[in-house]
Amino acid sequence: TVTTRTPFLHLMLELPSAPLFTDDSDHNIIPQVPIYRLLEKYNNLTEMEHKTYDATFLRRFEITKLPRYLVLSIKRFTENRFFVEKNPTIVNFPISFDMAEFIETKVSDKYTSTEYNLLSNICHDGPAKGGTYSTHLHLSSATQWFELQDLHVTKLQPQMITLSESYIQIYERADFSVDTKMSS
């Protein structure tokens, strides 16, 4: 067994494969998956198969430090020689969540907080070879969410954020968060 420590800038979350079949009324089934299931990859227990051009081996990932900002990148696009596909799976995620269940106790004991608050949610709407990007942004000084798309800015209810096809999410650790400091 070889152990390699590699610092990360973002955590890549792999979506389960999209369904190949449609439901009874000929509509595509859009699956849903909780973000906690995608984060299990980093619990140091789940083994992931990794392939290179000349070998296949198993890898396990462990988070040993909690950064101030946690960037989650959801692998929504796959490409082969013929085309690019977009996985429409909806990722169910909370606005705040605790990373304690994905790290060892010896790591969590080093921090005053292991909870993260969502700052920004970047989404992709439309087909893989086109579509548009939009951003859901939390303005902590106004305790308000906004949707930004091109030059259009609109207020957004927090409940609407979780219904989108998230692509990149940026969280801030709660002990650095302006919201936490303002409420204490």
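As a starting point, this report considers the structure included with it. All of these numbers come straight from a predicted model, not from anything done at the bench.

Quick word on the overall build of the chain
A count of helical and extended segments in the chain gives four helices and 14 strands. Sorting the 184 residues of the chain into buried and exposed places 31% on the buried side. In the chain, of all internal contacts separated by at least 6 residues, the share reaching a separation of at least 24 is 61%. Entry remark: accessible area of the chain is about 12200 Å², with carbon and sulfur atoms responsible for 53%.

With respect to the packing of aromatic side chains
The tally for this structure, following the rule as stated, stands at six aromatic pairs. When the centroid spacing of 5.7 Å and the interplanar angle of 55 degrees are considered together, the rings of Tyr42 and Phe61 count as tilted. One end of the pair, Tyr42, is in the loop between helix H1 (35-39) and strand E3 (48-51); the other, Phe61, is in the loop between strand E4 (56-59) and strand E5 (69-75), with 19 residues separating them in the sequence. Taking relative accessible area as the criterion, Phe61 reaches 23% and is therefore assigned partly exposed. Grouping aromatic residues by their ring pairs yields a cluster made of Tyr36, Phe97, Phe102 and Tyr171. Over the ring of Phe61 we find Lys41; its NZ or CZ atom is 5.0 Å from the centre of that ring.

Examining the environment of Arg5
By the secondary structure assignment, Arg5 is in the segment before strand E1 (11-14). With a relative accessible area of 65%, Arg5 lands in the exposed category. For the pair Arg5 and Thr64, spaced 59 residues apart in sequence, the C-alpha to C-alpha distance is 9.2 Å.

Here's the deal with the nonpolar core
Of all hydrophobic cores here, the largest spans 27 residues; its most connected members are Leu13, Ile35, Leu39, Leu70, Leu72, Met99 and Tyr171. Of all elements in the fold, only E1, H1, E5 and strand E10 (115-125) reach the threshold of two or more residues within this core.

Examining the side chain of His124
Examined against the element boundaries, His124 turns out to sit in strand E10. Assessed through its relative accessible area of 1%, His124 is described here as buried. From its side chain, His124 meets the backbone oxygen of Gly130 in a polar contact 2.9 Å long. If near-sequence neighbours (up to four positions away) are discounted, His124 is found in contact with Phe77, Lys86, Gly130, Gly131, Thr132, Tyr133, Glu165 and Tyr167.

Rules used throughout
- Residues numbered from 1 in each chain as written.
- Predicted model: local features only at pLDDT ≥ 70, side-chain atom pairs only at ≥ 80, totals over all residues.
- Heavy atoms only, no water.
- Helix = DSSP H or I, 4+ residues; strand = E, 2+ residues; numbered from the N terminus.
- Buried < 20%, exposed > 50% of the residue type's maximum accessible area, 1.4 Å probe, protein only.
- Contact = heavy atoms within 4.5 Å.
- Areas by Shrake-Rupley, 256 points an atom, 1.4 Å probe, with all protein chains shown as cover.
- Phe/Tyr/Trp six-rings, centres within 6.5 Å; stacked < 30°, edge-to-face > 60°.
- Lys NZ or Arg CZ within 6 Å of the ring centre and 35° of its normal.
- Core = buried A, V, L, I, M, F, W, Y, C linked by side-chain atoms within 4.5 Å.
- Polar contact = N/O pair within 3.5 Å; in protein donor to acceptor, adjacent residues only side chain to side chain.

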